[in-house]
Amino acid sequence: MTHEYTVPGGLDDPAVETTEVPEPGAVTIVVPTFNESANVRQLLHQITESVPARLPCEVVFVDDSTDDTPQVIEEAAKDCPFPVTVLHRDEPVGGLGGAVVEGMKAAGSDWIVVMDGDCQHPPSLVPELVATGERANAGLVVASRYIKGGSRAGLAGSYRVAVSRGATWLTKALFPRRLHGISDPMSGFFAIRRSDITAEALKPLGYKILLELAVRSRPRAVTEVPFVFQERFAGESKSTAAEGRRFLRHLAGLRTADPLARMVVFGLIGLTGFVPNLAALWAMTQAGLHYLPAEIIANQFGVAWNFLLIEKLLFRERRVHRHWADRTIRFALLANADLVLRIPLIALLIGQFGLAVLPATALALVITFVLRFAGTEALVYLPRRSRSRTARSTA
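Anyway, here's the lowdown on the structure attached to this text.

What counts, and where the lines are drawn
Residues numbered from 1 in each chain as written. Predicted model: local features only at pLDDT ≥ 70, side-chain atom pairs only at ≥ 80, totals over all residues. Heavy atoms only, no water. Helix = DSSP H or I, 4+ residues; strand = E, 2+ residues; numbered from the N terminus. Buried < 20%, exposed > 50% of the residue type's maximum accessible area, 1.4 Å probe, protein only. Contact = heavy atoms within 4.5 Å. Axes fitted to C-alpha atoms, helices over the stretch in contact; angles between N-to-C directions. Parallel < 35°, antiparallel > 145°, perpendicular 65-115°, else oblique. Left-handed = near helix turned anticlockwise from the far one by under 90°. Nonpolar A, V, L, I, M, F, W, Y, C, P; charged D, E, K, R; others polar. Disulfide = S-S within 2.5 Å.

1. Overview of the overall build of the chain
Logical step 1: Each helix and strand in the chain was counted, giving 13 helices and eight strands.
Logical step 2: By residue count, 47% of the 395 residues in the chain fall in the buried class.

2. Side note on unusual backbone geometry
Logical step 1: Notably, Asn35 is not glycine yet its phi reads approximately 55°, a positive angle.
Logical step 2: With respect to the helices, strands and loops of the structure, Asn35 is situated in the loop between β2 (27–33) and α1 (40–50).
Logical step 3: For Asn35, a relative accessible area of 26% puts it in the partly exposed group.
Logical step 4: Of note in this structure, Asn137 is not a glycine but carries a positive phi near 50°.
Logical step 5: Structurally, the position occupied by Asn137 is in the loop between α4 (126–136) and β6 (140–144).

3. Thoughts on the side chain of Asn306
Logical step 1: By secondary structure assignment, the location of Asn306 is in helix α9 (residues 291–314).
Logical step 2: With sequence-adjacent residues up to four places away left out, Asn306 is seen in contact with Ile269, Gly270, Thr272, Gly273, Phe331 and Arg372.

4. Some details on the packing of α9 against helix α11 (residues 339–351)
Logical step 1: Two elements in contact, α9 and α11, have axes whose closest approach is 11 Å; the angle formed by their N-to-C orientations is 140°. The angle between α9 and α11 falls in the class oblique. Along this stretch, α9 crosses α11, giving a crossing that reads as right-handed. Side by side, α9 and α11 meet where Tyr291, Leu292, Glu295, Ile296 and Asn299 of the first sit next to Leu339, Arg342, Ile343, Ile346, Ala347 and Ile350 of the second.
Logical step 2: The residue inventory of the contact of α9 with α11, partitioned by class, reads eight nonpolar, one polar and two charged.

5. Section: the state of the cysteines
Logical step 1: Under the definition given, this model contains zero disulfides.
Logical step 2: Not engaged in a disulfide, the cysteine Cys80 finds its nearest cysteine sulfur in Cys57; these two sulfurs lie 8.7 Å apart.

Following this line, the structure appears as structure tokens:
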């Protein structure tokens, strides 16, 4: 559930009732927050000093905090000459990225500027982001630390610098076309036209929403402005090992969004399944078990291994369509059904072509993987048809 609090008008408009909906500004600043009560007052002060003199604005905080951050924002907003809205979420779906999407949906301006709530992104750059976008007729303007005039000085310690650089290199290597012209895809500070956003297409996971926007709904044109990453005003960074794992899962989900990429990853996962399958087969045949029952038993080791990796890396976003038990049974039945094809094929390769048990099994696994991929997509992870759609089809 989301709770909304709005303090429109500010000091310059005392006659405005607090229940009115603010008029759209020239820019909506969206700030996702999680326990930033020590920073939000300073941030609103910086926005007040930097932005209103150059263009009208509204600020939308999307808050997932467990502390008093919403109350601090409401109190600080009374001193602001622009509308301030707090959207507090009881369920932080999608993490920081999900919060940004909620803020974008609530925005009342054509230009939306996204920035962090810890004062590491200078609000003084907001007018330049919007002006640059207007001059270049761009849909996305990224504040970059990695072009001339920019700096990552505010990153605390060599470890965070190395992680940031490594993540930037990895994302640009995985998405060279989509991230062309974006030197800092890990930036959390950018301006985007609301008309260039397809909110329904976004499936954020974690805190790198710019990457999600650039890959899933690439704006018509992209430009950049340099910025100096500031030191955090108060508190500690929210970057953790857990966030790092979510980022890697997010990358995997983005990279496997198209069918060809999914088939490649499915094949790579299948290759890793050779190890438990062939290891179990070797152990059982060495123990004297005939290769046919040994193959049936060994196949279960590969099936379990592949299912775990596919669930985590390949079809994570589609797991909601079916219960885990339903997915497990369907995948196991499908994986074992190919034994009907594979075992005669193995027997043919051994009996007619003289191959040994292990290479014959490996070759049969390669031959059948395309059929397994198609069956897995169609029978295990495709969304179920709704009852209304089924009823229309029947009619």
